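Spelled out from the first residue to the last, the chains are:
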Amino acid sequence: MPGTAPSANFLHAIRRPAWITAGVGALLALYVFVALSASLNKGPSFDEEEELAVGYNIWLNHDFRMESADGDLIKRWATLPYLISRPRPASTKNGYWRNARPYIFGFEFFYQSGNAPDWLLVQGRMMAVLLGAATGLLVFCCAKELFGLLGGFFSLIVFVFSPHMLAFGGIVSTDMSICFSLLGATWSVWRLLHCVTWRRLAVSLAFASLLMLAKPSALVIFPITFILILIKLLFRRPLEWRLGRPRIVSAPLAQVGVFAGLFFIHGLCAWAALWAHYDFRFAASPNPADPGLVFTHYEKTDPVDPGVASFMNLMHDKHLLPEGFLEGIDTLLMTNESRQAFMDGQWKIGGWDTFFLHALWDKTSPALLIMTIIGLTSWWYTQILRNHLPDGELSLKSAAGGLPPSLYDGSPYFVLGGVYFVTAALQEVNIGHRHILPIYPAIYILSAGSFSRVWLHAQRWTRALLACLLVWHPLESALLYPDYLAYFSPFVGGPAQGYKHLVDSSLDWGMDLPGVKKWLDENNPKNHDKVFLAYFGTDSPEYNGIIANRLPSAPDWRAVVPFPYAHGIYIISATLFESDYTYYFGPWNTEYEKRYQSALGNVLKYEATNTNPDRRAELLKAHPPQFWNDEYSHFEKLRFGRLCAWLRIHRPSPDANVGYSILIWRLDVNDLEEAMFGPPPEIDDSLLLDLAQ
C-alpha cells in the first residue's frame, strides 16, 4: 500500500536499540524539564507541605502518628534528598496528629522552622518528577509490548504532553505514585498469569509492595486481579511454568491452584512491606511511654459499614496491622463520608454518581478522545475481520503486521481503567478529577497504541489528517504552560471557564500565590488600592510578600480582625468563590439570609456604642463578650458568603485571574453597597435539608 512506505522506512531506521533508547530518553527528558520548570512557577499545593513534613519526620523520628496510610510511598520517596540536605524538622510536641491537623505541621516545617521553603519544595518535586518519568517509561514498555515500537512511541508522546501527567508529575502527592504502582502491578500480574518465571515473579512482588504503600485505593488490585484471572480461564489460554522444570499448565483447575499460590505469596510480600515501612512496630509512636492512638470512628455510631468497622477493630485488637496504618484508614473513613462537593453550578454533601464521568468529559483533551475513538473502533473492527479470515491468510497478515493484537491482549488496561473508574464513581469523594488519574496511563496505552496501527496503514492524505491530532494534543499543553492543573476541554470553555464546572484539586489547589504577587506588582504598584484576599490553600501570603486584608479562607487559622469592606481589589480562590469549603457551604439560601440579617443587626448595634460607654456596658451586661466575638465571627463569614453569591449573579466573570484558579475583581463602593445591603443575590434552598443534617 503506497501510504505505508514512509512509516515502514521510519520504523526500520529507529529499530536499532541505540535509537530507541535515545528517542525514549529524549522524550522523558523533555517531560522532566517541562514538568519541573512548570512546577517552579507554582507554590505548594494544599497537601504538599504536609506530605514533605510528615515524610521527613518518618525518616528522622520513625513517628507514624500523622496522616499515615495515605501516600507513604511518596512521603518516603520525595523526602530522600532531605537526608542529605538536612533541613530543620518541625516540632512533634504540639500533637498535630490529633484532630487531623497535620497541615499545620507542614506549615511550621516550611515557614516557622528556619528553612528555605522554595528549596524544600524543589527537592521534593525533583523526586516527584522522576516518579512521573518512571510512569512514562512504563507506559512506553506496555504499549510497545502490545502494539510494537510505533505504538510505544505514540503512547509515550501522548503521556509526555498530557497536561494531567505534567501537572501531577510536578507535585508531591499520592496521585503519581498510585498511577505508577497500579499500572506496574496490573501489567506484571497479567504477564505472570501467562508465564511464571523468577524474573516476572520478582517484578510482580516489587510492584505489589510499592502499591501497598502508595494509597488505600490500591485495594482495587484485588478486583482487577480477579477479573483478569476470569478472563484468562474463560479464554482457556495455557500457563507456562518456568520455575524449576519447565512445563505447560493447561487444566483450568490446575491453573487456579497456581494462581491461589501466587496470590498468597503476593499478599504475604505486600503485608511484610507494609510492616517494614512501619519498622515492624505496632505502636505509631516511637516512644513506648506514649499512649496509643484513639480510634473514635469504629463505634456503633460510625457511618461506616459495620462489617468494615468490625474488621478494622479486629486488625487493631490483634495487632495484625500497624497502629499508624489503621489510624490513617480511620481518618479517611471519617472524612470521606461527609465531603462537600461542587459540580457545574451545583452543590452537594457526599457527591454525585456522575461526578467522575462529568470530570472525565470536562478535563480530557478532545484530541485524545478522537484518537481513542478512531483507534479503538479500528481495533474492534479488525477483530471482526480476524474472525472471518482463513487461518493461512490470518498468519500472513499477522506476520506482516497487518492486524493488531487481539482485544484479549489489551485486557489488563481495559480492566484497570474500568474497575478504577467504577470504584471511584461508587465513592462519595467528589473532591477532584485526580481521583481517577490512574485510568489515564491505561487510556494512553490503548488509545495511542491502537491509533498507531491506523497511522501505520493509512493513505498519505489520511495520515495528514491524523497528524493534526498528534499536533493538537501537545499544542494544547504548550499553550497552557505552566498552568497544567487548570486544563479544561475547549468543549466546556477551556481553563478560563473551568471554575464554573469543577474546583478544589481539579483546578484550584492553592498553588498560585506566587502568581498573585506578580500580578499585584504589575497591576497595583506600591499597594495603591486596598487588597482583600480569600485564599484556599496552605501556602503563606506573608512569605510571598502579599499585603492584604484576609477574608475567610480554608484552612483558616488566622486571627479574626474586624474591618469594613472598601473600594479595592478582591482576590478570591475559585474554590471559595463557589462556596465550597466555606463555613457557609453552597448557594445562598433563606437560612443564611436570616442569620446574616441577625448578625448584621447585632454588629451594627455594637458598633453604635463605640462612643457611648454606658450603652456598651449595658450590651455587655446583657450578653458576655464571647457572644459579641462570636457574632463578629459569624458576620464575617456570612458577609463573605453573600459577597460571593452576589458576584456569581452580577459579576460571574472576573476582571482577571491568576493561573485560572484565583479570581480577581475590582469593586467600588456601589458594588459593595448592593452586595451587602441590597436584596438577597440568590435564594436556593435545595440544600437546606442536607445542611441541617
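Structure: above.
This text gives an overview of the structure that appears in the document. Every value quoted in this text rests on a predicted model; they were computed, and no experiment measured them. Per chain, the residues get numbers from 1 upward, laid out in the order the sequence is written. pLDDT decides what is reported in this predicted model: residues at 70 or higher carry local features, side-chain atom pairs at 80 or more are listed and counted, and totals for whole chains, interfaces and linings draw on all residues regardless. Side-chain descriptors were evaluated using all non-hydrogen atoms of the structure, hydrogens and water having been removed beforehand.

## Re the overall build of the chain
So, point 1. Helices and strands together make up the secondary structure of the chain, namely 28 helices and ten strands.
So, point 2. Residue burial in the chain is summarised as follows: out of 693 residues, 56% are buried.
So, point 3. The contact rule is simple, with two residues in contact once any of their heavy atoms fall within 4.5 Å. Summarising the internal contacts of the chain: among those between residues at least 6 apart in sequence, 77% fall at separations of at least 24. Strands are runs of DSSP state E lasting at least 2 residues, helices are runs of H or I lasting at least 4, and numbering of each runs from the N terminus. Buried means the residue's accessible area, taken with a 1.4 Å probe over protein chains only, is under 20% of the maximum for its type, while exposed means over 50%, and partly exposed covers the values in between.

## So, the packing of aromatic side chains
So, point 1. Between the rings of Phe, Tyr and Trp (Trp by its six-membered ring), a pair exists once the centres lie within 6.5 Å; its type follows the angle of the planes, with under 30 degrees stacked, over 60 edge-to-face, and the other angles tilted. Inspection of every chain in the model, using the stated rule, returns 43 aromatic pairs.
So, point 2. For the ring pair Phe-154 and Trp-455, a centre distance of 5.9 Å and an interplane angle of 65 degrees mean the geometry is edge-to-face. Linking Phe-154 in helix H8 (residues 149-160) with Trp-455 in helix H20 (residues 439-456), this pair joins segments that are 301 residues apart in sequence. Side by side, Phe-154 and Trp-455 carry an identical accessibility label, which is buried.

## Digging into the sheet that holds strand E1 (residues 195-196)
So, point 1. At least two DSSP bridges between two strands are needed for those strands to be called paired. With mixed pairing, the three strands of this open sheet are ordered in space as E1-E2-E3. The open sheet has two edge strands, E1 and strand E3 (247-249), and neither has a second partner.
So, point 2. Bridge count for strand E2 (residues 239-241) against E3 is three bridges, and the pairing is antiparallel. Residue Trp-241 lies in a different strand from E3, and its bridge partner there is Arg-247.
So, point 3. Whenever a helix is involved, its axis is fitted only over the stretch in contact; in every case the axis is a line through C-alpha atoms, and angles between N-to-C directions fall within 0 to 180 degrees. Across the sheet, helix H13 (residues 252-277) lies against E1, E2 and E3, angled at about 60 degrees from E2, the strand it touches most.

## Section: the pairing of strand E8 (residues 568-573)
So, point 1. Here E8 lies mainly inside the structure; six of its six residues are buried.
So, point 2. The pairing of strand E6 (residues 530-534) with E8 spans five bridges and is classified as parallel. In the sheet register, Ala-534 faces E8, and the bridge partner there is Ile-572.
So, point 3. As paired strands, E8 and strand E10 (residues 662-667) are joined by six bridges and run antiparallel to one another. Each residue of the ladder has a partner; that of Ile-571, found in E10, is Ile-664.

## Comments concerning the pairing of strand E4 (residues 340-343)
So, point 1. Taken together, the four bridges between E4 and strand E5 (residues 346-349) define a ladder with antiparallel strand orientation. Bridged to Phe-342 within E5 is Trp-347.

## What to know about the nonpolar core
One broad rule of soluble globular proteins: the nonpolar side chains tend to lie buried together.
So, point 1. Tyr-31, Leu-182, Ile-224, Tyr-413, Tyr-565, Ile-572 and Leu-643 are the most contacted members of the largest nonpolar core, which has 183 residues in total.
So, point 2. Dropping the residues within four chain positions of it, Tyr-565 is found in contact with Phe-532, Leu-551, Tyr-570, Glu-636, Arg-639, Phe-640, Leu-643, Leu-672 and Met-676.
So, point 3. Throughout this description, the term nonpolar core refers to a set of buried Ala, Val, Leu, Ile, Met, Phe, Trp, Tyr and Cys residues connected via side-chain atoms within 4.5 Å. Ranked by size, the runner-up nonpolar core spans 14 residues in total, among them Trp-519, Leu-520, Ala-656 and Ile-664.

## Let's talk about helix H12 (residues 221-234)
So, point 1. Expected helix span is taken as 1.5 Å per residue step, with the number of steps being one fewer than the number of residues. Helix length check: H12 (14 residues) gives 20 Å between terminal C-alpha atoms against 20 Å at 1.5 Å per residue, within 8%.
So, point 2. Considered for burial, the residues of H12 that qualify are Ile-221, Ile-224, Thr-225, Leu-228, Ile-229, Ile-231 and Lys-232. Buried residues of H12 fall within an arc of 160 degrees about the axis and therefore sit on the same side. More than 90 degrees from the buried face of H12, the exposed residues found are Phe-226 and Leu-234.
So, point 3. Packing partners of the buried residues in H12 comprise helix H10 (174-192), helix H11 (198-214), E2, H13 and helix H19 (411-426). Directions pointing from the helix axis toward each C-beta atom define the arc.

## Points about empty space enclosed by the protein
So, point 1. Only protein atoms enter the 1 Å grid used here, on which a cavity is any set of points holding a 1.4 Å probe that cannot leave and a pocket is any open set flanked by protein within 12 Å on both sides along at least five of seven lines; residues with an atom within 4 Å of a point are listed as lining. Grid points are joined across faces, edges and corners, and a volume is the space filled by probe spheres set on the points. Evaluated as defined, the whole model comprises six cavities of 30 Å³ or more.
So, point 2. Of the volumes computed, that of the largest cavity is approximately 170 Å³.
So, point 3. Along the wall of the largest cavity there are 21 residues; nearest its centre are Lys-42, Pro-482, Tyr-484, Leu-485 and Met-511.
So, point 4. Elements supplying a minimum of two residues to the lining of the largest cavity: helix H2 (17-39) and helix H9 (163-169).
So, point 5. Here the element with the most residues in the lining of the largest cavity is H2; it accounts for three residues.
So, point 6. Gly is placed with the polar residues, together with every amino acid not listed as nonpolar (Ala, Val, Leu, Ile, Met, Phe, Trp, Tyr, Cys and Pro) or charged (Asp, Glu, Lys and Arg). Residues belonging to the lining of the largest cavity are distributed by class as follows: twelve nonpolar, five polar and four charged.
So, point 7. One number sums up the size of the second largest cavity: a volume of about 50 Å³.
So, point 8. Around the second largest cavity, the lining residues are Ser-162, Pro-163, His-164, Lys-363, Thr-364, Ser-365, Leu-368, Tyr-440, Tyr-444, His-473 and Tyr-487.
So, point 9. Of all elements in the fold, only H9 and H20 reach the threshold of two or more residues within the lining of the second largest cavity.
So, point 10. For the lining of the second largest cavity, the residue count by class is five nonpolar, five polar and one charged.

## Focus on helix H21 (residues 460-480)
So, point 1. In this model H21 runs 31 Å from its N-terminal to its C-terminal C-alpha over 21 residues, within 8% of the 30 Å that 1.5 Å per residue would give.
So, point 2. Listing the buried residues of H21 in full gives Arg-463, Leu-466, Leu-469, His-473, Pro-474, Glu-476, Ser-477 and Leu-480.

## Quick notes on the sheet that holds E8
So, point 1. Read from one edge of the open sheet, five strands run E7-E6-E8-E10-E9, paired in mixed fashion. A single partner strand is all that each edge strand has here, and the edge strands are strand E7 (549-550) and strand E9 (656-658).
So, point 2. On top of the sheet, helix H22 (residues 513-523) reaches E6, E8, E9 and E10; it is set at about 30 degrees to E10, its chief contact.

## Description of unusual backbone geometry
So, point 1. With an omega dihedral of 0 degrees, the bond running from Tyr-481 to Pro-482 counts as a cis peptide bond.
So, point 2. Going from Ala-554 to Pro-555, the amide bond is cis rather than trans, its omega being -5 degrees.
So, point 3. Considering the arrangement of structural elements, one finds Pro-555 in the loop between E7 and E8.
So, point 4. Positive phi values are uncommon outside glycine, yet Arg-86 reaches one of about 55 degrees.
So, point 5. In this fold, Arg-86 is placed in the loop between helix H5 (82-85) and helix H6 (102-111).
So, point 6. The phi dihedral of Tyr-660 is positive, around 65 degrees, even though this residue is not glycine.
So, point 7. Structurally, the position occupied by Tyr-660 is in the loop between E9 and E10.

## Topic: the environment of His-62
So, point 1. Of note, His-62 is situated in the loop between helix H3 (48-61) and helix H4 (72-78).
So, point 2. Its relative accessible area of 32% is what places His-62 among the partly exposed residues.
So, point 3. Taking the C-alpha atoms as reference points, His-62 and Asn-287, separated by 225 residues in sequence, lie 9.7 Å from one another.
So, point 4. Excluding its chain neighbours within four sequence positions, the residues that come into contact with His-62 are Asn-57, Asp-279, Arg-281, Ala-284 and Pro-286.

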